[in-house]
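Residue-level structural notes
For reference, the chains in residue letters:
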Amino acid sequence: MKSPVLITLTVLLARVSLSAAVPTTVKFSREVLPILVENCFACHGFDKAKRKAGLRLDQRDAALAEHDGVHAIVPGNPEQSELWARLTSTDAEKIMPPPKTGKHLTDAQREIVKRWIAEGAKYEPHWSFIAPDHPAPPAATNVTHPIDKFVQVKLAEEGLKPSPAAARTTQIRRLCLDLTGLPPTPGQVAAFVKDENPDAYERLVDRLLESEHYGERWGRWWLDQARYADSNGYSIDAPRQIWKYRDWVVSALNADMPFDEFTVEQLAGDLLPKATEAQKIATGFHRNTQINQEGGIDKEQFRIDSVFDRVATTSTVWLGLTIGCAQCHDHKFDPVEQKEYYRLFAFLNNQDEPTLTIALPKGKAAAVTSAWKKTAEQIQSIIDANAEDFAKWEADLTPSSRKRLSKPILKALDTAKEKRTLDQNRLLYVTGTGAGVSEFMALNDRYTLLDEQLKKGDTTLVIAELPKPRKTTVFVKGDFTRPADEVTPGTPSVLPPLKTSNPSPNRLDLAHWISSRDNPLTARVLVNRLWMQYFGVGLVETDNDFGLVGSPPSHPELLNWLATEFMARGWSLKAMHRLIVTSATYRQASSDRADLREKDANNRLLGRQRRLRLDAEIVRDVALSASGLLSPKLGGPPVFPPIPEGVTSQGQVKRPWIMSSGEDKFRRGLYTFRFRGTPPPSLNVFDSPEGNSTCTRRNRSNTPLQALTLMNDAACFEFAVALEKLIQKQGIETAFRRCTGRGPDAAELAILQRLSRINAARALLNLDETITRE
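Bear in mind the structure is a predicted one, so any value in this text is a computation, not a measurement.

Reading guide: rules and limits
- Residues numbered from 1 in each chain as written.
- Predicted model: local features only at pLDDT ≥ 70, side-chain atom pairs only at ≥ 80, totals over all residues.
- Heavy atoms only, no water.
- Patch = residues over 30% accessible without salt bridge, like charges linked within 9 Å, V, L, I, M, F, W, Y side chains within 5 Å.
- Areas by Shrake-Rupley, 256 points an atom, 1.4 Å probe, with all protein chains shown as cover.
- Salt bridge = Lys/Arg side-chain N within 4 Å of Asp/Glu carboxyl O.
- Lys, Arg positive; Asp, Glu negative; His and termini not counted.
- Charge placed at Lys NZ, Arg CZ, Asp CG, Glu CD.
- Helix = DSSP H or I, 4+ residues; strand = E, 2+ residues; numbered from the N terminus.
- Domains from an automatic or database assignment.
- Contact = heavy atoms within 4.5 Å.
- Buried area = accessible area lost by both parts, 1.4 Å probe.
- Nonpolar A, V, L, I, M, F, W, Y, C, P; charged D, E, K, R; others polar.
- Buried < 20%, exposed > 50% of the residue type's maximum accessible area, 1.4 Å probe, protein only.
- Polar contact = N/O pair within 3.5 Å; in protein donor to acceptor, adjacent residues only side chain to side chain.
- Axes fitted to C-alpha atoms, helices over the stretch in contact; angles between N-to-C directions.
- Left-handed = near helix turned anticlockwise from the far one by under 90°.

So, a negative patch on the surface
On the surface, a cluster of negative charge is contributed by Asp133, Glu157, Glu158 and Glu557. Relative to the helices and strands, Asp133 is located in the loop between α6 (107–118) and α7 (146–157).

Here you go:
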């Protein structure tokens, strides 16, 4: 039988940081202790019964107490400490981590632990659970921007220097793509390059932040975290209407809604006093969960699953913690108990899931009416074209087959053909020869949707608090059929307490707690994700895990400074964007350097910028812009650009995809309809998330399929045809500038001139530079 000390030893390693009194130890502990946690804890698990019996080594008093005749820690005396004995033992039954794991600690790591015990074994919370201070930027010669001071001092410590500023053509393209997701025009590039005014760059930043396209670019960033899509998911994956939430996000970001308000309205907008329609729409954040419409399911099971998803999403998006790991048991690494998980669960377990109806504005009603009439004409045209087959079907109906038909169908059959309404003809045709005809089914679905819009208005999915809270219990091993102790709403004890006068705390209290300045995580997590968008990697590389096994910050003082600045500037996202993009660190060239490659191969010290492949939607937007086809229209229902035939038939139910016409065919990628089960291939191949769960960081793959898509996809070929026309009118050099933001050199120009215009256009849209930030 293992000693209780051995069983709980790993909890100690998970909960302590080394004393700052040990030279270089604090920094090292942030790197080493998570490794110790992983190496030891993953092998031995956690004995909950013994933990309740008082053997908690995450608490100093318990760690110093005697257990089975030994002390895990004897402050000032490593040789008498069982912790040290276990780490240095040669006995395979005692040494940690056990040999069978294939893991081991280095001598240097053991020495850190030994020195920590020798100096008194001082306990200290994990860095991310301590409220950030506001450090003064360090002194740096000839450096004015506070971000640059933090970065350049750290570079100097390693004997490195920052890279020079990127070329002005690179700077404007990088900035435009980062702030609006659209490339600059050749005219805009030329004007910026010629502008010698010292504040030209800052004026460009301000103009881009005021662009309505800013909200579209950064709206997509947030929608990834909100797991937004236009279908219900699971095997049936039926379409849903929730695009009003997407438009709310874009509008809120364009208005620079303070992030604390942005948070509260999405988590609990319906609970605000005199909640507006927009605030109710905002609660669509937590209606982006999947909906299972299969027959024979246990609806309560999937309701519980959606609440599990909401707890995990909330903790990941705002707190940067893997609290979802405590669904079945106490968290293995972070100080979050299973009971605390279900106390968070209780906040999100008391909601109804209604559909909000929104009246159509007069201008939109006219457009919907026009589309409704056009669709009705198309449906009638199909029915008329197949009148002979339809008449034969009707004539062949037998008395027994008529008995199986519904009353509305029988009523339509009994109506004289010349007196039948369009609704009756649709009903009969879909029952008979039109069943399974994809073109008709798609038009019929569209007509039904438009007809419903005209009668009721637009709809969107929202949440609303129940008048009587549901009973919430701990689920044994996360199994909803095994309820245990009842719990009330509450927050993890490792974080600041929930402050409320409400005797029954609700989602609004939770939202205020998350967005409180006392919360040590929210501001840090958010600014880290902003940083990641601009530099490819966050200051904390594991942006969705600020816990014990997450990466330590590369620049902890800078992270704290940014977090506190964010709150001090009224939680303004635009202020933080401006702060970051005006730094010399952001404006650096991304060229490789031998000294950086040798000392900082992963660029964690930020001695240069990074070349980043564009997000999937922006790849499309750049091609639309370069080819002159882009529609600048904002908002509205999702659109259906060309996709390969048969894509939407890959799921359980074949879904129609009626291609949009007019300018809707050339809308930004943000507005493309997204089936979770069968997403548009041109987005999927460039790593766009499917929307089944929150996505805080997109992957960036590099595959042959991407080049083939850009060359042969129907939509991409249409872009190339439009660019070919521009080549004919404006020349190949202008087309090159439209795609890359710079002029071609002689060798590039010679290659392009050997190609036909259409192949030159296809090649330009397929360039690495075209789909890369620079």
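Comments concerning the domain arrangement of the chain
One frequent convention defines the size of an interface as the accessible area lost when the parts assemble. Per the domain assignment, the segments making up the chain are domain 1 (18–124), domain 2 (168–210), domain 3 (258–355 + 460–519), domain 4 (360–456) and domain 5 (612–773). Averaged C-alpha coordinates put domain 2 and domain 5 at centres separated by 23 Å. Of the residues lining the interface, 11 residues belong to domain 2; the matching set on domain 5 comes to 17 residues. Taken together, both faces of the contact between domain 2 and domain 5 bury some 1100 Å²; the carbon and sulfur share is 57%. Taken together, the connections running from domain 2 to domain 5 amount to 1 salt bridge. Ionic pairing is found between Asp178 and Arg773, a salt bridge with its closest N-O pair at 2.9 Å. Partitioning the side of domain 2 that touches domain 5 into residue classes produces 5 nonpolar, 3 polar and 3 charged.

With respect to the pattern of salt bridges
Under the criterion given, the structure shown has 41 salt bridges. Between Asp309 and Arg227 there is a salt bridge; the shortest N-O distance is 2.8 Å. Of this pair, Asp309 sits in helix α15 (residues 299–319) while Arg227 sits in the loop between α11 (212–225) and α12 (243–254), placing them 82 residues apart in sequence. A relative accessible area of 1% places Arg227 in the buried class. A salt bridge links Asp396 to Lys392; the nearest nitrogen and oxygen atoms lie 3.2 Å apart. On the basis of relative accessibility, which here comes to 48%, the residue Asp396 falls in the partly exposed class. Connected through shared salt-bridge partners, Arg220, Asp224, Glu617, Arg674 and Arg698 make up one network.

Thoughts on the side chain of Gln266
Within the secondary structure, Gln266 is located in helix α13 (residues 259–268). For Gln266, the side chain forms a polar contact with the side chain of Trp222, separated by 2.8 Å. A distance of 3.0 Å separates a polar atom in the side chain of Gln266 from the backbone oxygen of Phe262.

Some points on the packing of helix α21 (residues 422–431) against helix α22 (residues 438–456)
When two helices pack together, their arrangement is given by the angle between the helix axes and the distance between those axes. Interaxial distance between α21 and α22 falls to 12 Å at its minimum, and their mutual angle equals 140°. The way α21 lies across α22 gives a crossing that is left-handed. Note on element contacts: α22 touches α21 through Phe440, Met441, Asn444, Tyr447 and Thr448, opposite Leu422, Asp423, Arg426, Tyr429 and Val430. Its residues placed into classes, the contact of α21 with α22 shows 6 nonpolar, 2 polar and 2 charged.

A word on the side chain of Lys574
Along the chain, the position of Lys574 falls in helix α26 (residues 573–581). Reaching out from Lys574, the side chain makes a polar contact with the backbone oxygen of Asn254 at a distance of 2.9 Å. In this view, Lys574 contacts Leu209, Glu210, Tyr214, Leu253, Asn254 and Asp256; residues no more than four positions away in its chain are not counted.

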